[in-house]
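This is what each chain is made of:
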Amino acid sequence: MHASLHKIFTEMEVQRLALLGQLKGLSTESLNQSPSPGAWSLAQVFSHIITSERLTLNYVTKKIQAAETLEDSGVWEEIKSILLTITQRSPGVKFRAPKAIVEKTVAYATYQEIEQAWSDVRAQLQSFLDKYPDKYIRRKVARHPFAGYLNITQGVTFLREHITHHTPQIRKLLAKQPNL
């Protein structure tokens, strides 16, 4: 795995394991309890994160097959990636989940389903990144719904920042749990 990808992937794994550790022991009812009408439950937040990772992996897996024909990223993609990171870390900035993500979100209701699905997609992502050719590290193989095309490092960086973005939401939902 390219060094830049390894660093980000390792950070993502630390995030994943920490968040799953906080969920462990919660009942299915607690995981699926919405704090208010229209607000996401813990299970829905995790289902969203897992779906985002799965769809990103599916996309980059397809795009890498045509890497020879793709352009390299440049300064504009670096700017977009920085802006994505800033928006994901800004507590006041909220996004509506893209329709394509919402429509393809698989609902995971139990801790076991969440843990298994996230472990599976992470193992697949790791396998993909382990084999990712260094010569294509700058190719625009990833696509963000708002920022457009990014290279693989920027795409994986977004996945890490996406978890960072949802972490305060998860913490607030966990704080409302009576047994914590």
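Residues numbered from 1 in each chain as written. Predicted model: local features only at pLDDT ≥ 70, side-chain atom pairs only at ≥ 80, totals over all residues. Heavy atoms only, no water.

**Student:** Would you mind going over the overall build of the chain with me for this structure?
**Tutor:** Across its full length, the chain carries 7 helices and 2 strands. Helices and strands in the chain line up, N terminus first, as α-α-α-α-α-α-β-β-α. Against the 2.2 N^0.38 benchmark of 16 Å for 180 residues, the chain shows a C-alpha radius of gyration of 17 Å, consistent with a compact globule. In terms of overall dimensions, the chain has C-alpha extents of about 55 × 30 × 30 Å along its principal axes. Residue burial in the chain is summarised as follows: out of 180 residues, 47% are buried. (Helix = DSSP H or I, 4+ residues; strand = E, 2+ residues; numbered from the N terminus. Rg over C-alpha atoms; globule rule 2.2 N^0.38 Å. Buried < 20%, exposed > 50% of the residue type's maximum accessible area, 1.4 Å probe, protein only.)

**Student:** What is the right way to look at the environment of Ala142 in this model?
**Tutor:** Tracing the sequence through the fold places Ala142 in strand β1 (residues 140-144). Expressed as a C-alpha distance, the spacing of Ala142 and Ile152, which sit 10 residues apart in the sequence, is 5.8 Å.

**Student:** Explanation requested: the packing of aromatic side chains in the structure shown.
**Tutor:** Think of a pair of aromatic rings as described by two things: how far the centres are apart, and how the planes are tilted against each other in angle. Summed over the entire model, instances satisfying the criterion amount to 2 aromatic pairs. Summarising the aromatic geometry, the rings of Phe46 and Trp118 are spaced 5.7 Å apart at their centres and angled 75° between planes, so their arrangement reads as edge-to-face. Of this pair, Phe46 sits in helix α3 (residues 42-63) while Trp118 is found in helix α6 (residues 111-131), placing the two residues 72 residues apart along the sequence. There is no split in this pair, since Phe46 and Trp118 are both buried. Between Phe128 and Tyr132, the aromatic rings sit 5.6 Å apart at their centres with planes inclined by 65°, giving edge-to-face as the arrangement. Assessed through its relative accessible area of 13%, Phe128 is described here as buried. Given the relative accessible area of 4%, Tyr132 is considered buried. For the cation-ring pair, Arg143 lies above Tyr149, with the distance from its terminal atom to the ring centre recorded as 6.0 Å. (Phe/Tyr/Trp six-rings, centres within 6.5 Å; stacked < 30°, edge-to-face > 60°. Lys NZ or Arg CZ within 6 Å of the ring centre and 35° of its normal.)

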